[in-house]
Structures are given as structure tokens and as C-alpha cells.
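Residue-level structural notes
Listed below are the residues making up each chain.
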Amino acid sequence: MNTISISRRRFAQLLGAGAATAVIRPAFSFATEPVPKSTVQGIVRLSANENPYGPSPKALRAMNDAFNLSCRYPDEHNDVLIDALAKLNGVNRDQILLGDGSGEILKLCAETFTGPKQQGTLVVDPTFEAIINNASANGAEVVKVPLTGTFSHDLPKMMNAAKEGLIYVCNPNNPTASITPKNEVRDFITKTPRQTMILVDEAYFHYADSPDYESVIPLVTDHPNLIVSRTFSKIYGMAGLRCGYCVAQRETIQRMHPHQMWDSVNIMALSAATANLDDPEQVPTGQRLNREAKAFTTGELENMGYKQIPSQANFIMFDCNRPVVPLIQALKQRNVQVGRLFPALPNYMRVTIGKKSEMETFVGAFKQVMA
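Structure report, in brief. As the structure is a prediction and not an experimental result, all values here were calculated from the model.

Moving on: the overall build of the protein. When you go through the protein residue by residue, the secondary structure sums to twelve helices and twelve strands. Every one of the 371 residues in the protein was classed for burial, and the buried ones make up 53%. Expressed as a percentage of contacts within the protein between residues at least 6 apart in sequence, the contacts between residues at least 24 apart total 75%.

Now the structure itself:
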């Protein structure tokens, strides 16, 4: 939603001017800040599926250079990021909608496609609760279908229960870190009636390395009822900056637009996101570091005899063989924060994969708690 007109060349000049006048800013630079820490000193935070390594150095520099543009509305930055995302995903720019994190995308979908005068929302249990809360607040009925024995979406049951409204598929799924096989997802999307909207949440797409997993963004071309959400909060390390987007057909994006606040993504987040995409090392480095720390953690839990759900994300979930709430509290007393209770799996603990040193701290504290 552009409110001013400015050429790309002039925009580049403004960026250059911002960099040239950096000397007048306070003696502070994102680029020289240490690796991100917990917001509370001494706390090992493994509770929110964040990326502890943060954004690309390029993103930090871009944020620093954007200080001088903080007095401007972010319209041109919107355009630059949308163009980059369209190219990355092989779609037209009018098939991209930016959001204040993918959380805003989920909220927009609930407000656009559910409500008391429309059909409700269909989800699995457990899954990410935001869409459930959004739909409920919008007056919609929420129907929950249990996960299968292998912790995938029970798509046949979801198909039987599907009506007009919105179906939410989180793949990889939060909180279980499990995937639903690509052939099953593709078949489900193909067979779902077109009056029923499907939202596939791919927040953890970059961490999934199973040959049985794939993004469904390529299917958007042939399916007007498909919306795919992504976020910069995970592999790109921007959870605190809030930037996400979705890919859908043009008409679907147009239906969602009226429900969105103008300029909901700030200029710092837009600058960082664009620069993150321009760093070829950000994704593979994040994948490698996550894989190494996860292998250590899962190996330690396996040696202790705890059954885990195979993880395709930057977190794990495992069976503690007893109610998890007292264990969560006991770990908190040892300055280790882990995921909240998910009532459908009362004995399971969700743990974010942090740095190797943080996972060592978690393993040590967990052994003490379980002794």
C-alpha cells in the first residue's frame, strides 16, 4: 500500500545517504554486537524455537544503515523485499503478501476466511495455537483432529471433516517437529474442494531435510484455495524483528489485503530481511549448526532411554514418561527454559535447539531433574 512515490534510483540514493551520515549517529552498531543472548542474563532459553545465532552480518549492517530512514514510511522497502521474495519463490510480485511475522499472516487468514457467518477452522491436535486463537476470536468454530500414530496430519480424517472455511496444515508441525509426507499433502491439496481454503504453514521449511518433505509453494499456481506462509523468525534469526510473508494467487491476496493494517512491517525488519536473503551463507550455516547441536542432544536423550519424535525442525519433542509440567518448573528453577505444556501430549517436552553449549547445559539440568 504505497502512500508516496519515489524511484528506485532515488531510493538507492537515500540508502547511500544513510550510510554516508552514519557518523552522526550514537556510538552504536548492530554489526559489532555479540551473538544474541537471552533477554535475561544467566537463563538458557530453549522455549520459543528461536535461532540463537541471529541474522546475517549483512542484515545487521543493513539495519544500521537504515537508521537515517526511520523517519520515512517503509513503502519502498516493502517493494524491494516483495520483488526479492517473488524471484526467490518463482512467482509474481502480486502473489506475495508481507506480514508482521507469519503470525500476522495467520491472523489475516482467520479474519478473511473464517467467522460466525462462514465455516470454521480445521486443525490437528496438537499444533501451533495462534490460528486457533485467531479463529476463535473471530467467532469461528475450531475443529481438532488428532495426529496419527506417527505424528503426521491425519489428512483422510481432515478431508472427511472439511467444509467451507479454513484448513490449517503446519508442516513441519509445531510442537512435534514432525512432517506429513509430501505425496499425502499434495494429494490432499488436489482433492480438497476449492471453496475450502488451505493454509500451509512452512515456518520450519529450511530445517526439514527428509526426502519425504517438500514445499507446496509450486502448487499455488494450480490451486486458488492454497496459501503458504513463511517467516524470517527461524533460519533467518529475526524473531524479535517480526517479518513474514505468504504466497497465494493474486485474487486470494486481494481478499486478505483489506484486513491488514497499513505498513505493518517496520523499516528495520524490511532492511534486515532483504539483506538476509542476499547472504548465501545464512541458511546453510544455520542448518549446519542446528543439525550438529540437535545430533548431540538427541544422542544424549537416546542414551538415557527417552523416546523422541523424529525432528525436522530446530526443536525436538520427546516422551518424559511422566507429566511434563513439574519437569518444566524444575528446569526453570535451574535457569533452563523449555517449551510449554501441550495438553494433547501431557508427558512430552518440547525443547528448542540452541547452541551446543546451551544444549550441554540442558542435558546436565535434565539429568539432575530426572535423577
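Past the structure itself, the notes keep going.
What follows concerns the environment of Cys320. Locating Cys320 in the fold gives a position in the loop between strand S10 (315-319) and helix H11 (325-333). For the pair Cys320 and Met370, spaced 50 residues apart in sequence, the C-alpha to C-alpha distance is 8.9 Å.

For helix H12 (residues 356-370), which comprises 15 residues, the first-to-last C-alpha distance of 21 Å matches the rise-based estimate of 21 Å (1.5 Å per residue) to within 8%. Taken residue by residue, H12 has Glu358, Met359, Phe362, Val363, Ala365, Phe366, Val369 and Met370 as its buried positions. Tucked into the core, H12 has its buried residues touching strand S1 (44-46), helix H10 (282-303), S10, H11, strand S11 (336-338) and strand S12 (348-352).

On to the pairing of strand S7 (residues 226-231), then. Working note: regular strand, side chains alternate between the two faces of the sheet. Of all six residues that make up S7, six are buried, and the element is covered over most of its length. By the bridge criterion, four bridges tie strand S6 (residues 196-201) to S7 in an arrangement that is parallel. Looking across to S7, one finds that Leu199 is bridged to Ile227.

Between Asp125 and Pro126 the backbone carries a cis peptide bond, its omega angle lying at 5°. Summarising the element assignment, Pro126 is placed in the loop between strand S3 (121-125) and helix H5 (130-137). A positive phi angle is found at Asn49, which is not glycine, with a value near 55°. Residue placement: Asn49 occurs in the loop between S1 and helix H2 (57-65). What makes Asn49 buried here is its relative accessible area of 1%.

Turning to the sheet that holds strand S5 (residues 165-170), a few remarks are in order. In space, the seven strands of this open sheet follow the order S2-S8-S7-S6-S5-S3-S4, with mixed pairing throughout. A single partner strand is all that each edge strand has here, and the edge strands are strand S2 (96-99) and strand S4 (142-146). Taken over all neighbouring pairs, the strand axes of this sheet differ in orientation by 25° on average, direction set aside. The strands that helix H4 (residues 101-113) touches are S2, S5, S6, S7 and strand S8 (244-247); relative to S2, the one it contacts most, it runs at about 115°.

Another aspect to go through is the nonpolar core. Grouped together as the largest cluster of nonpolar side chains are 61 residues, with contacts concentrated most on Ile96, Leu98, Leu226 and Phe232. When residues in this core are grouped by element, the largest group, seven residues, is from helix H9 (residues 267-277).

On to the environment of Gln118. The topology assignment puts Gln118 in the loop between H4 and S3. Overall, Gln118 belongs to the partly exposed group, its relative accessible area being 38%. In this structure the C-alpha to C-alpha distance between Gln118 and Gly165, which are 47 residues apart in sequence, comes to 6.3 Å. Excluding residues within four positions of it along the chain, Gln118 makes contact with Thr112 and Phe113.

Next up on the list: the packing of aromatic side chains. Centre-to-centre distance and the angle between the planes together describe a pair of aromatic rings. On inspection of all chains with the given rule, the structure shows nine aromatic pairs. Pairing Tyr204 with Phe315 gives two aromatic rings, centres 5.0 Å apart and planes at 70°, and the pair type is edge-to-face. In this pair, Tyr204 sits in the loop between S6 and S7 while Phe315 sits in strand S10, placing the two residues 111 residues apart along the sequence. Neither Tyr204 nor Phe315 differs from the other in exposure class; each is buried. These aromatic residues form a ring-pair network of at least three members: Tyr306, Phe318, Phe362 and Phe366.

Next up on the list: the sheet that holds S12. The antiparallel open sheet is built from three strands, whose spatial order is S9-S10-S12. In this open sheet, the two strands that pair with only one neighbour each are strand S9 (308-309) and S12. Sheet topology note: the S10/S12 ladder contains five bridges and is antiparallel. Residue pairing in the sheet places Met317 in a bridge with Arg350 of S12. On the sheet, H12 packs against S10 and S12 and is oriented at approximately 155° with respect to S12.

Quick notes on the rules
- Residues numbered from 1 in each chain as written.
- Predicted model: local features only at pLDDT ≥ 70, side-chain atom pairs only at ≥ 80, totals over all residues.
- Heavy atoms only, no water.
- Helix = DSSP H or I, 4+ residues; strand = E, 2+ residues; numbered from the N terminus.
- Buried < 20%, exposed > 50% of the residue type's maximum accessible area, 1.4 Å probe, protein only.
- Contact = heavy atoms within 4.5 Å.
- Expected span 1.5 Å × (residues − 1).
- Pairing = 2+ DSSP bridges.
- Axes fitted to C-alpha atoms, helices over the stretch in contact; angles between N-to-C directions.
- Core = buried A, V, L, I, M, F, W, Y, C linked by side-chain atoms within 4.5 Å.
- Phe/Tyr/Trp six-rings, centres within 6.5 Å; stacked < 30°, edge-to-face > 60°.

Read these as layout, nothing more, since geometry by itself doesn't imply function.
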